[in-house]
Amino acid sequence: MMYLVLGLGTVGFTIASALKERGETVTIIEKEASRVKELKEKGFAVIEGDFFSAASAVRRTIEQSSVIFILTGKGETNSKLLTYVYDLNPYAFIVVRATRPKDVKELKSRGAGAVITPQTAMAEVALQKLHSIERIERARRLKQGLKRGERLGIIMHDNPDPDAIASAMALQKIADEQGVSSDILYGGNIGHQQNKVFVNLLGIDLVRIDEYNKYLLRGYDRLAFVDLSSDANTSILPSDITPDIIIDHHPKSGDYSLSVEDVRSHIGAVSTMLTEYL
């Protein structure tokens, strides 16, 4: 997910710093050369230019960002920026700073996903909203990715454990809500007795894939990895087939062209991640 900060006063800098500390991809647009140099020395990704510049780097960054913070101290500038940013990227989640409480409703009606005010509480409110914003954005992207196909194969790592199985069940439920049929697939065995009991008690339908029925994978127009980030931990994937979706908490090691990628290594279980989509 790409974050963009427009307006780097105290609030903007606080938010950019918090995002950077979390390891997020955050970019700042700044027109003052001395400020640009200072920010780069602190490790920030900075594009030098005016917010309204026709320069390709500025426009491209706005167009590609997932979440955009408009945080200048001038209400009129923020209002104009909202219009400009929304025209370039209507799919971004836009957070706008309002200098007057009475402007909140109007800014939301024009495309702001969230409006933060007053100044004294702005940074705190914006940071509190980050988790919610990310959840909304991830859910939207997953639903879009699922709708691109009609039949989804959900692949777990070989010899799946309860986290993998629960994660696959959650994704299957989400797919069902989007009108997409799906199967949960695995290689190896359900080995531990408690895992067998888990599957049997809940009546979970799983499809075991081996060397003799790998051809079944070619019947799916979308494939998703859950609790799995590369084909190194699955024996069922033919070399010419790659996933379209990866949801995992292990560092990604495969090089795939993905429509949906949610890899968060600081989360303890993938099933925890999937509950955020439900």
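Residues numbered from 1 in each chain as written. Predicted model: local features only at pLDDT ≥ 70, side-chain atom pairs only at ≥ 80, totals over all residues. Heavy atoms only, no water.

Asker: Could you give an account of the pattern of salt bridges, with specific residues and numbers?
Answerer: Applying the stated criterion across every chain yields a total of 19 salt bridges. E276 is the salt-bridge partner of R138, the closest N and O atoms lying 3.4 Å from each other. Remark: E276 occurs in the segment after α9 (270-275) and R138 occurs in helix α6 (residues 122-146); sequence separation between them is 138 residues. An identical accessibility class is assigned to R138 and E276; each is buried. Of the charged contacts, one joins E276 and R264 as a salt bridge, the two residues approaching to 3.2 Å between their closest N and O atoms. (Salt bridge = Lys/Arg side-chain N within 4 Å of Asp/Glu carboxyl O. Helix = DSSP H or I, 4+ residues; strand = E, 2+ residues; numbered from the N terminus. Buried < 20%, exposed > 50% of the residue type's maximum accessible area, 1.4 Å probe, protein only.)

Asker: Mind laying out the packing of helix α7 (residues 162-177) against helix α8 (residues 193-202), listing which residues take part and the relevant values?
Answerer: Their axes nearest at 10 Å, the elements α7 and α8 cross at an angle of 25°. What the angle tells us is that α7 and α8 run roughly parallel. The two elements α7 and α8 cross, and the hand of that crossing is right-handed. Mapping the contact onto sequence places P162, I165, A166 and M169 in α7 and N195, F198, V199 and L202 in α8. Along the lines of polarity and charge, the residues of the contact of α7 with α8 split into 7 nonpolar, 1 polar and no charged. (Axes fitted to C-alpha atoms, helices over the stretch in contact; angles between N-to-C directions. Parallel < 35°, antiparallel > 145°, perpendicular 65-115°, else oblique. Left-handed = near helix turned anticlockwise from the far one by under 90°. Contact = heavy atoms within 4.5 Å. Nonpolar A, V, L, I, M, F, W, Y, C, P; charged D, E, K, R; others polar.)

Asker: How would you summarise a nonpolar patch on the surface if you had to cite specific residues and measurements?
Answerer: A cluster of nonpolar residues, M169, V197, L201 and L202, forms a patch on the protein surface that exposes about 380 Å² of accessible area. Here the nonpolar patch takes 3 residues from α8, the largest share from any one element. Mapped onto the secondary structure, L202 falls in helix α8. By relative accessible area, L202 is classed as exposed at 51%. (Patch = residues over 30% accessible without salt bridge, like charges linked within 9 Å, V, L, I, M, F, W, Y side chains within 5 Å. Areas by Shrake-Rupley, 256 points an atom, 1.4 Å probe, with all protein chains shown as cover.)

Asker: Account for unusual backbone geometry, with residues named and values stated.
Answerer: The phi dihedral of N159 falls on the positive side, at around 55°, and the residue is not glycine. As for its position among the elements, N159 is in the loop between β7 (151-155) and α7. Within the chain, D227 stands out as a residue other than glycine whose phi angle is a positive 55°. Positionally, D227 belongs in the loop between β10 (222-226) and β11 (245-248).

Asker: Tell me what's going on with the nonpolar core, and back it up with residues and numbers.
Answerer: Residues L142, L146, L152, M156, L171 and L274 are the most contacted members of the largest nonpolar core, which totals 29 residues. Those elements that place two or more of their residues in this core are α6, β7, α7, β8 (181-186), β10, β11 and α9. Ranked by residue count, the leading element in this core is α7, at 7 residues. Excluding residues within four positions of it along the chain, L171 makes contact with L142, L152, I154, A224, V226 and L274. One finds L8, L39, V95 and A114 within the second-largest nonpolar core, a separate group that totals 23 residues. (Core = buried A, V, L, I, M, F, W, Y, C linked by side-chain atoms within 4.5 Å.)

Asker: Describe the sheet that holds strand β9 (residues 206-208), listing the residues and the values that go with them.
Answerer: Taken in spatial order, the 6 strands of this open sheet run β9-β8-β7-β10-β11-β12, and their pairing is parallel. Edge strands, defined here as strands with exactly one partner in the open sheet, are β9 and β12 (260-263). Strand-to-strand twist across the sheet, computed as the mean angle between neighbouring axes with direction ignored, equals 25°. Two elements, β7 and β10, share 4 bridges in a ladder whose sense is parallel. Each bridged residue has a counterpart across the sheet, and for G153 the counterpart in β10 is L223. Helix-sheet contacts for α7 involve β7, β8 and β10, and the interaxial angle to β8 is about 165°. (Pairing = 2+ DSSP bridges.)

Asker: How would you summarise the pairing of β11 if you had to cite specific residues and measurements?
Answerer: Of the two faces of β11, the one lined by I245 and I247 and the one lined by I246 and D248 are each fully buried. As paired elements, β10 and β11 share 3 bridges and run parallel to each other. Note that in β11 the partner of V226 across the bridge is I247. The pairing of β11 with β12 spans 4 bridges and is parallel. Following the sheet pairing, I247 is matched in β12 by D262.

Asker: Can you break down the sheet that holds strand β5 (residues 93-97) residue by residue, with the values?
Answerer: One key point about sheets: their strands pair by backbone hydrogen bonds, in either a parallel or an antiparallel sense. The strand order across the open sheet built from 6 strands is β3-β2-β1-β4-β5-β6, with neighbouring strands paired in parallel fashion. Lying at the two open borders of the sheet, with one neighbouring strand each, are β3 (45-48) and β6 (114-116). Strand-to-strand twist of the sheet, defined as the mean angle between neighbouring strand axes without regard to direction, takes the value 20°. Bridge count between strand β2 (residues 25-30) and β3: 4 bridges; the pairing is parallel. Of the residues in β3, the one forming a bridge with I29 is I47.

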